[in-house]
Each structure stands twice: as C-alpha cells, then as structure tokens.
Amino acid sequence: MRAILSVRISSPLPADELVRRMNARAADFAAVPGLVQKSFGLDPLSGDICGIYIFETRAALEAYRASPLATSIPAAYAATQIRREIFDLVNLVQN
C-alpha cells in the first residue's frame, strides 16, 4: 500500500529563500527510491513550508526517513519547528 508523509516546517527565513532552497534540493528528492511524488508548499500567512511525499510503500517511506537527505531537512531550512505525519494512501484522484 502506498504511504503519505506530510512535513510542515516553521522557519525564520524569508519565503523567497525557502523557495530557492526547495528548488535547489528538488533533484535530490527525485532520486529517492520508492518516492512516487513530492510537492512543496508555502503558506503565505504563516510563512511555513510543507512537503507532501507519496511513497510506493511504507517501507520506502521509512527508509527515506532514516536517510541523510531526510535528516538534513531541519538544517537545510533553518527549522524552528517541524511537524511530521504519516498516512496510508487510501484513494488517489487524478484529473
């Protein structure tokens, strides 16, 4: 079963710098084994950023969470707060 990882990050960095850093790291995420899709988001009100990841399996998600790429996220975005949630993907609607 596919799995979703949702990560929300608070950071004192300005939005343009956060977006620059997200874009600079996109190729690294594209190479993650078992990662089907990753989307970045920016909340214009709070300045928080998020990552929504869809993995082929929960095992692939857990392998990613233990990886150097995943553990580098707090420093990469100067995170002051991180919230992570994991879900089983039960339905996928595509247009």
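So, here is what we can say about the structure in this document. (Residues numbered from 1 in each chain as written. Predicted model: local features only at pLDDT ≥ 70, side-chain atom pairs only at ≥ 80, totals over all residues. Heavy atoms only, no water.)

1. Comments concerning the pattern of salt bridges
Applying the stated criterion across every chain, the model contains eight salt bridges. Residues Glu 62 and Arg 65 are paired through a salt bridge, measuring 3.6 Å at the closest nitrogen-oxygen approach. With Glu 62 and Arg 65 both in helix α2 (residues 58-65), this residue pair falls three residues apart, about one helical turn. Taken together, the shared-partner salt bridges in this structure form one network comprising Arg 8, Asp 43 and Asp 48. (Salt bridge = Lys/Arg side-chain N within 4 Å of Asp/Glu carboxyl O. Helix = DSSP H or I, 4+ residues; strand = E, 2+ residues; numbered from the N terminus.)

2. Considerations on the sheet that holds strand β4 (residues 81-88)
The pairing of strands in a sheet comes from backbone hydrogen bonds and takes either a parallel or an antiparallel form. Pairing is antiparallel in the open sheet, where four strands are placed in the order β2-β3-β1-β4. Looking at the sheet topology across the chains shown, the edges are occupied by β2 (35-42) and β4. When strand polarity is set aside, the average angle formed by the axes of neighbouring strands in this sheet is 15 degrees. Sheet analysis places strand β1 (residues 3-10) next to β4, joined by eight bridges and oriented antiparallel. Counterpart to Arg 8 in the pairing with β4 is Arg 83. Helix-sheet contacts for helix α1 (residues 15-30) involve β2 and β3 (49-55), and the interaxial angle to β2 is about 175 degrees. This element, α2, spans β1, β3 and β4 of the sheet and lies at about 160 degrees to β4. (Pairing = 2+ DSSP bridges. Axes fitted to C-alpha atoms, helices over the stretch in contact; angles between N-to-C directions. Contact = heavy atoms within 4.5 Å.)

3. Details of the environment of Glu 85
By the element assignment, Glu 85 lies in strand β4. For Glu 85 and Met 22, which are 63 residues apart along the polypeptide, the C-alpha to C-alpha distance reads 19 Å. Look past the residues within four positions of Glu 85 in its chain and what remains in contact with it is Ile 4, Leu 5 and Ser 6. A distance of 2.9 Å separates a polar atom in the side chain of Glu 85 from a polar atom in the side chain of Arg 83. (Polar contact = N/O pair within 3.5 Å; in protein donor to acceptor, adjacent residues only side chain to side chain.)

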